[in-house]
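# Observations on chain architecture
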Amino acid sequence: IRAIRLEHKIPLQQIRAAINHAKKRYGLDWPFAAKHQTFFFDGDIHIKINKESDLFGSSSFPMQVQISGKEKDQTTMKEVTELYMKNLTFDEEDLADKYCAFERDGRKIFMDPQYHFGQPFVAGCDYTVPALLAAYQTEGSVVAAARALAVREELLETALWYDDYLKGPVAA
């Protein structure tokens, strides 16, 4: 949802309304968690429905429908609306199970609900980003914090890059 808000500039109110519509109309509790499920077109949210339903008469599924905006329930074309979902990995049931929240110079920050309760962590490290940042603040430098935690310095640098990324550009 954070990516939808930041990258597509869709207000939280519109996202909530789309989720409620997907639950009520299509019985989808998690419309943004399924593989290749969410699409954006002209400021509106569209989803792919993979289960059978008689909502559209004899239409067969899968199909894509608009769940926000004025034209809710309008079907859409995959070629026009599909979003490349490169930052998600999916489990055997095609539900999102891990999110790559940040990548720079081949270093990655992941979020996984099965690991550290979904807190962001640096790939190749057993510490969460908040733990790495706290060590940096306590120790006063990347070198000292890396030594204190017995991790490579580049893992701490990655956490710092991610923290800067979340803060956004600083106004001059």
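Residues numbered from 1 in each chain as written. Predicted model: local features only at pLDDT ≥ 70, side-chain atom pairs only at ≥ 80, totals over all residues. Heavy atoms only, no water.

### As for the overall build of the chain
Along the backbone of the chain there are 6 helices and 8 strands. Scanning the chain from its N terminus toward the C terminus, one meets helices and strands in the order α-α-β-β-β-β-α-β-β-β-β-α-α-α. The contacts in the chain between residues at least 6 apart in sequence include a share of 37% that link residues at least 24 apart. Only carbon and sulfur atoms are counted for the fraction: they give 50% of the accessible area of the chain, which is about 11000 Å². (Helix = DSSP H or I, 4+ residues; strand = E, 2+ residues; numbered from the N terminus. Contact = heavy atoms within 4.5 Å. Areas by Shrake-Rupley, 256 points an atom, 1.4 Å probe, with all protein chains shown as cover.)

### A closer look at unusual backbone geometry
Residues other than glycine seldom take positive phi values, yet Asp 105 does so here, at roughly 55°. For Asp 105, the position within the fold is in the loop between β6 (96-104) and β7 (107-111). Of note in the backbone geometry, Ala 150 takes a positive phi value of approximately 60° without being a glycine. You can see Ala 150 is positioned in the loop between α5 (142-149) and α6 (153-167). For Ala 150, a relative accessible area of 70% puts it in the exposed group. (Buried < 20%, exposed > 50% of the residue type's maximum accessible area, 1.4 Å probe, protein only.)

### A few points about the pattern of salt bridges
What the rule picks out here adds up to 3 salt bridges. With a closest N to O distance of 3.2 Å, Arg 107 and Glu 157 form a salt bridge. Taken together, the positions of Arg 107 in strand β7 and Glu 157 in helix α6 put the pair 50 residues apart, joining distant regions of the chain. Given the relative accessible area of 28%, Glu 157 is considered partly exposed. (Salt bridge = Lys/Arg side-chain N within 4 Å of Asp/Glu carboxyl O.)

### A word on the environment of Gly 106
Turning to its location among the elements, Gly 106 is positioned in the loop between β6 and β7. Separated by 52 residues in the primary sequence, Gly 106 and Thr 158 place their C-alpha atoms 10.0 Å from one another.

### Quick notes on the pairing of strand β2 (residues 44-49)
Buried residues dominate β2, accounting for 5 of its 6 residues. Sheet topology note: the β2/strand β3 (residues 63-66) ladder contains 4 bridges and is antiparallel. Residue pairing for β3: Lys 48 is matched across the bridge by Gln 64. (Pairing = 2+ DSSP bridges.)

### Re the confidence of the model for the chain
Put simply, the chain has an average pLDDT of 80, and 80% of its residues get 70 or more. Note on residues 53-61: pLDDT is under 50 here. Beyond four places in sequence and across chains, it has 14 contacts. (pLDDT = per-residue confidence, 0-100.)

### Focus on the packing of aromatic side chains
This model, assessed by the stated rule, comprises 5 aromatic pairs. When the centroid spacing of 6.2 Å and the interplanar angle of 35° are considered together, the rings of Phe 110 and Phe 121 count as tilted. Highlighted residues: Phe 110 in strand β7 and Phe 121 in strand β8 (residues 121-122), separated in sequence by 11 residues. For the pair Phe 110 and Phe 121, one class covers both residues: buried. Consider the rings of Tyr 162 and Tyr 165, whose centres lie 6.4 Å apart with planes at 25°: the pair is stacked. Here Tyr 162 and its partner Tyr 165 are both found in helix α6, 3 residues apart, which amounts to about one turn of the helix. The exposure class assigned to Tyr 165 is partly exposed, which follows from its relative accessible area of 47%. Ring pairs connect the aromatic residues Phe 102, Tyr 162 and Tyr 165, which therefore count as one cluster. (Phe/Tyr/Trp six-rings, centres within 6.5 Å; stacked < 30°, edge-to-face > 60°.)

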